[in-house]
Every structure is written in structure tokens, then in C-alpha cells.
Amino acid sequence: MIRLAMLSFWHLHGKDYAQAAQEHPDTEIAAIWDEDPVRGREEAARWGARFYEDLAELFAEPEIDAVVVDTPTSAHKDVIVAAARAGKHIFTEKVIAATLQDAEEIVREVAASGVTFMVSMWRSDEGYTEAITDILNRGLLGRITQLRIRDGHPLGVPTPEYPRGLLPEQFYNAEESLGGALIDLCHPVYLLSHFLGRPSSVSAVFGHVTRREVEDNAVVTFHYPDGAIGVAETSYVSAYTPFSIEAHGTEGSLLFSLDGIGELIARRRNPDADRSGSVGGPDGQLYVRSNLLGPESTGWERQELPAGPFPKAFEKWVSHIKAGTTAPKNVALGIELSAAIEASYRSASSGAEVRLDPLAHKPTG
């Protein structure tokens, strides 16, 4: 049995990971620490675990094998490095850090400690990601010219019941969060890195629809040396926002869409509503049209997705701990995420295109 410590419930997903830990047959929640002691004690009572007010005391406990980090983003470096030096396996909410330098320092400390480290980037574990990766690698779209990924939700939209929106206030605290919709809803960013690699430069535009100190609306363009363009779109202020991926190339295109968070919220609020007739709504299917599929292919063809369910990052992390292995691909993608995030925020702040130290971008086809 792997004995876990939950380190903070600052992030909304802290409760999700606690639930995952409670349900997993190989893990149990043994300890809880939180930078907010009131919140920490409430969560300790909820999960039946001991609350530690002193993080160093928790790290000194030999029976604590691993930690789940859901602290403010600004605390990631200090907390993760301390956990690694204490020999605790680490699972963290994305991002590793808001700058490439901090992320690389964290990863060096983790590597030196020999513990298992994973970053929660759950959309990289989905069947549609595997299917799209396969299509790109097979060259069915030819040379990729544009790849666009969209994700968002309406939790920042004011309502009569919640005049400041449903998103917790700490997500708008720039000192703690180090950013808004882009750094929190960064799934399009790491998926672009997964599909196309590190861009040579990025350009970012942020919107402040709710007039908060961090962005609630963001678009980032990724520029590649071969002319390919990636587009990442995120938002706290869009009603339904189907999660969508479009890839276009010299020989074909693919389209994928899936219910977004906004649609799921709408269904929970009105579960009896019939949404099946909405024209153009998301259907969770992947379509490809390609000149390379053969003469019998005359239009858009639906592609079968791999059969699931697929293990989430938390489950993979536990499996790695038990096997005594690490997750280098996950960590490498986490590094790329931090690089792209830092460049995006610099671009939005300066209004200029920001270059990255380029890695090899391998165009598909």
C-alpha cells in the first residue's frame, strides 16, 4: 500500500485526485498539508487523514511514500523540490512551473532523488490523442500546415446566483496562479507540443472579459521553422466550448470535437433537456479526409478510436511507483509545456513575438 500525502487543496482538482487515491486499491491518504490550515483541517476530516501544519514535519515522516501537489502554481518549485529531497514520489497538477528555468531545476532535483515524478496532463492520455498521433505519424495529412486546439468553460461568466462566476477566487490571484485561462486550461498548449514539438516562437493575445488581473480569454499561435502554425485557444468565459482539434496539411485534414465543460455543466443543470438535435454539436468522433486514403475515399471518413478506458496519469504514476520506473515522456512534455507557457506570457505582456530555444520539429509526411 502506497501511503500518500495530499499537499494543498488550492487547485480544484485536488479533490479529484484525493477521490482517485481513495478509490485506487494500492493507495491510501495518510496525511494532508495545506498552506491554508483551515482548509487543510477540513479536508483532513473529510478524508480521514492526519493534518500537518508543518510541511517539513510531514516530509520527515518515513511512512509517507508519495505526495500529490495541488498548491498554488507559485509554490510548485519549493514544494516539489523539498518533496524530492525527502525521497517522496511526486504527482503534480500542471504546470510543473511557470518558467522553463524553474521547471528544469525541478526536474533535475527529481532526477537526482530517483523518485517517480508525473505531471497531470490528462488529455495526453486519451484515445483521441493516440488516434490523432497515429494519423499524423502515418503521413495521411501530408505536410502539416496548421493545427488548432480549443478548450474552455463558462465558470468565469457572472450569473445572478454567482455574480463573480463559479471559478474560485484564487484562480484570479496573479501572485498565486501566475496566470489565468492559459496556464490553467493549458491542455491545447501541451497537446500542440505533443503533436508538433517545440515551436521556434509564439505570439499570444489575452482578453480580460471579467476585468480580473489575470486573463480569462487567450489565443496563442505557435510558429514552426517549416511554416506550420499551431493555434491554442482557452477561455473561462465561453458558454459551451466543445473541446476540438483540427489538423490540416497538404494532403488532408482531420476534425475532432467532444463535449466541453460548459456542455457538461448545462446538462447537470438541466438533465432533462434534449440536446440531441443541436446542429453541428460535438459528437466525440474523429473524421479524416485525405488524398492519400485511396481512390475509393471520396469524402470525410470516420476513424475508429482506440478502445478504452485508458489509464489516467494518476494511475500510471502509481504503476510506475510499484514497478520502480519513471515516466520520461510525461516529464519531457511537462518541460515543453513550461517553455511554451513562459514564452506565451512574455509575448502577451510585450505584445511581441517571443522566440524559444528551438528543438527539432519533425514535420509530418
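Residues numbered from 1 in each chain as written. Predicted model: local features only at pLDDT ≥ 70, side-chain atom pairs only at ≥ 80, totals over all residues. Heavy atoms only, no water.

Colleague: How would you summarise the packing of helix α4 (residues 76-85) against helix α5 (residues 100-113) if you had to cite specific residues and measurements?
Modeller: Two elements in contact, α4 and α5, have axes whose closest approach is 8 Å; the angle formed by their N-to-C orientations is 10 degrees. When the interaxial angle is binned, α4 and α5 end up roughly parallel. Where α4 approaches α5, its residues H76, K77, I80, V81, A84 and R85 are matched on the opposing element by D102, E105, I106, E109, V110 and S113. (Axes fitted to C-alpha atoms, helices over the stretch in contact; angles between N-to-C directions. Helix = DSSP H or I, 4+ residues; strand = E, 2+ residues; numbered from the N terminus. Parallel < 35°, antiparallel > 145°, perpendicular 65-115°, else oblique. Contact = heavy atoms within 4.5 Å.)

Colleague: Tell me about the pairing of strand β1 (residues 2-7), and name the residues and values.
Modeller: Within β1, five of the six residues are buried, leaving the element largely enclosed by the surrounding structure. Relative to strand β2 (residues 27-33), β1 runs parallel, the two sharing six bridges. Paired with L4 across the two strands is I29, which belongs to β2. In the classification by handedness, the crossover that spans β1, the intervening helix α1 (residues 13-23) and the parallel β2 is right-handed. Examined bridge by bridge, β1 and strand β4 (residues 66-69) share four bridges and lie parallel to one another. Opposite L4, over in β4, you have A66 as the bridge partner. (Buried < 20%, exposed > 50% of the residue type's maximum accessible area, 1.4 Å probe, protein only. Pairing = 2+ DSSP bridges. Right-handed = clockwise from strand over helix to strand, strands pointing away.)

Colleague: Break down the packing of aromatic side chains for me, with residues and values.
Modeller: Overall, the coordinates contain nine aromatic pairs when judged by the stated rule. Note on F206 and Y345: the rings are 5.0 Å apart at their centroids and 65 degrees apart in plane angle, and the pair reads as edge-to-face. Pair noted here: F206 is in strand β8 (residues 201-207) and Y345 is in helix α12 (residues 328-350), with a separation of 139 residues, a long-range link. For Y345, a relative accessible area of 17% corresponds to the buried category. Clustering of aromatic rings is evident, with ring pairs tying together Y17, F91, F314 and W317. Here the basic side chain of R123 rests over the ring of F243, its NZ or CZ set 3.7 Å away from the ring centre. Above the face of the Y172 ring, R212 is positioned so that its terminal group lies 3.9 Å from the ring centre. (Phe/Tyr/Trp six-rings, centres within 6.5 Å; stacked < 30°, edge-to-face > 60°. Lys NZ or Arg CZ within 6 Å of the ring centre and 35° of its normal.)

Colleague: Could you give an account of the nonpolar core, naming the residues involved and the relevant values?
Modeller: L7, I90, F117, I245 and L254 are the most contacted members of the largest nonpolar core, which has 76 residues in total. Here this core gets nine residues from one element, more than from any other, and that element is α12. Sequence-distant contacts of L254, defined by excluding residues within four places in its chain, comprise I132, I135, L136, L141, I245, E246, A247, L286, Y287, V288 and W300. Grouped together as the second largest cluster of nonpolar side chains are 23 residues, F9, A44, M118 and I321 included. (Core = buried A, V, L, I, M, F, W, Y, C linked by side-chain atoms within 4.5 Å.)

Colleague: Account for unusual backbone geometry, with residues named and values stated.
Modeller: Each neighbour pair has its own omega, and for K94 with V95 the value is 0 degrees, a cis peptide bond. For V95, the location among the structural elements is in the loop between β5 (89-93) and α5. Backbone geometry places S8, a non-glycine residue, at a positive phi of 85 degrees. Position of S8 among the secondary structure elements: in the loop between β1 and α1. For S8, a relative accessible area of 0% gives the class buried. For L178, which is not glycine, the phi dihedral falls at a positive 65 degrees.

Note that every value here comes from positions in space, so none of it alone points to a role or purpose.
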